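# Overview (structure and organization)
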Amino acid sequence: ELVRLCDEGMELSEQLGREDIKATYMALKAECLIHRCMALHYRMRSFKISPGWKGFALESDKLEYDRLSGKKSNYEREANTLLEGALEIAENAADQMILVRVLRSQAFVYGIYRLILVTNEEREYSGLFLFFLNNFKVQLTCLQKNRKEIKETEDRCRSVLLRAVRITR
């Protein structure tokens, strides 16, 4: 499992006194945790809601959904903490490419957050409505309730990537 390998890499880099390498492993672990968040988000979206109802079909579905939601929140929180720590270490590192790697990981995480936001409410639309959206090339993001949050996440991602580009010039 890649998360375990990242933990081992962080421990080894601490033993060697190489904080710059530790930052790289921290950023990689954050990416892995965000992949887990996306997988949990997909599983959470697959729960069936009874037709015409606003709640879950089964109580066990609601309990499982709540469990997965808590797990997803924990992964997001840990990933954000890791990225903040990695960014702090990388900004003080002598090698600027370490900072570029951490910034790339941070942009990747923002991209996954955006994907989660865009697909968050897609399930509420009917199949026929989604058929028309796909055939007439209408973007689903224009129908999202959380358009402002999606735009803010895109802007953060773009600014992080542009910062990485400026460093590499």
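Residues numbered from 1 in each chain as written. Predicted model: local features only at pLDDT ≥ 70, side-chain atom pairs only at ≥ 80, totals over all residues. Heavy atoms only, no water.

## Looking at the overall build of the chain
Counting its secondary structure elements, the chain contains six helices and zero strands. Taking all 169 residues of the chain together, 36% fall into the buried category. Of the contacts formed within the chain by residues at least 6 apart in sequence, a portion of 68% connects residues at least 24 apart. Carbon and sulfur atoms provide 55% of the accessible area of the chain, an area that totals close to 10800 Å². (Helix = DSSP H or I, 4+ residues; strand = E, 2+ residues; numbered from the N terminus. Buried < 20%, exposed > 50% of the residue type's maximum accessible area, 1.4 Å probe, protein only. Contact = heavy atoms within 4.5 Å. Areas by Shrake-Rupley, 256 points an atom, 1.4 Å probe, with all protein chains shown as cover.)

## As for the environment of L117
Relative to the helices and strands, L117 is located in helix α4 (residues 96-119). Classification of L117 as buried rests on a relative accessible area of 12%. The spatial distance from the C-alpha of L117 to the C-alpha of N146 is 7.4 Å, given a sequence separation of 29 residues.

## Looking at α4
Since there are 3.6 residues in each turn of an α-helix, residues three or four apart along the chain are aligned in direction. Given a rise of 1.5 Å per residue, 24 residues ought to cover 34 Å, and the 35 Å separating the end C-alpha atoms of α4 matches this to within 8%. Taking the backbone nitrogen of M97 as reference, a side-chain oxygen 3.1 Å away marks D95 as the first, capping residue of α4. (Expected span 1.5 Å × (residues − 1). Polar contact = N/O pair within 3.5 Å; in protein donor to acceptor, adjacent residues only side chain to side chain.)

## Points about the pattern of salt bridges
Under the criterion given, the structure shown has 15 salt bridges. In this structure, E31 and R104 form a salt bridge, with 2.6 Å as the shortest nitrogen-oxygen distance. Here R104 lies in helix α4 and E31 lies in helix α2 (residues 19-45), a separation of 73 residues in the sequence. With a relative accessible area of 8%, E31 lands in the buried category. (Salt bridge = Lys/Arg side-chain N within 4 Å of Asp/Glu carboxyl O.)

## Examining the nonpolar core
Formed by 36 residues in total, the largest nonpolar core has its most connected members in A23, M26, L33, I34, V102 and L103. Those elements that place two or more of their residues in this core are α1 (2-16), α2, α3 (59-91), α4 and α6 (147-168). Filtering out sequence-adjacent residues up to four positions away, I34 remains in contact with A79, V109, I112 and Y113. (Core = buried A, V, L, I, M, F, W, Y, C linked by side-chain atoms within 4.5 Å.)

## Quick look at a nonpolar patch on the surface
There is a patch of nonpolar side chains on the surface, built from L2, L5, I21, Y25 and L28 and spanning about 380 Å² of accessible area. Mapped by element, the contributors of at least two residues to the nonpolar patch are α1 and α2. When residues of the nonpolar patch are assigned to their parent elements, the largest contribution, three residues, is made by α2. Topologically, Y25 is positioned in helix α2. Take Y25: its relative accessible area is 31%, and that puts it in the partly exposed class. (Patch = residues over 30% accessible without salt bridge, like charges linked within 9 Å, V, L, I, M, F, W, Y side chains within 5 Å.)

## Here's the deal with the side chain of K72
Secondary-structure assignment places K72 in helix α3. Each residue touching K72, except ones within four places of it in the same chain, is listed here: C37, L40, H41, M44 and I116.

## Side note on the packing of α1 against α2
To characterise two packed helices, one gives the angle between the axes of the helices and the distance between these axes. Orientation of α1 relative to α2, taken along the N-to-C sense of each, is 165°, at an axis distance of 9 Å. Classified by the angle their axes make, α1 and α2 are roughly antiparallel. The element α1 and its partner α2 pack so that their crossing is left-handed. Together, L2, V3, C6, D7, G9, M10, S13 and E14 of α1 and I21, K22, Y25, M26, L28, K29, C32, L33 and R36 of α2 make up the contact between the two elements. Classifying every residue of the contact of α1 with α2 gives 10 nonpolar, two polar and five charged. (Axes fitted to C-alpha atoms, helices over the stretch in contact; angles between N-to-C directions. Parallel < 35°, antiparallel > 145°, perpendicular 65-115°, else oblique. Left-handed = near helix turned anticlockwise from the far one by under 90°. Nonpolar A, V, L, I, M, F, W, Y, C, P; charged D, E, K, R; others polar.)

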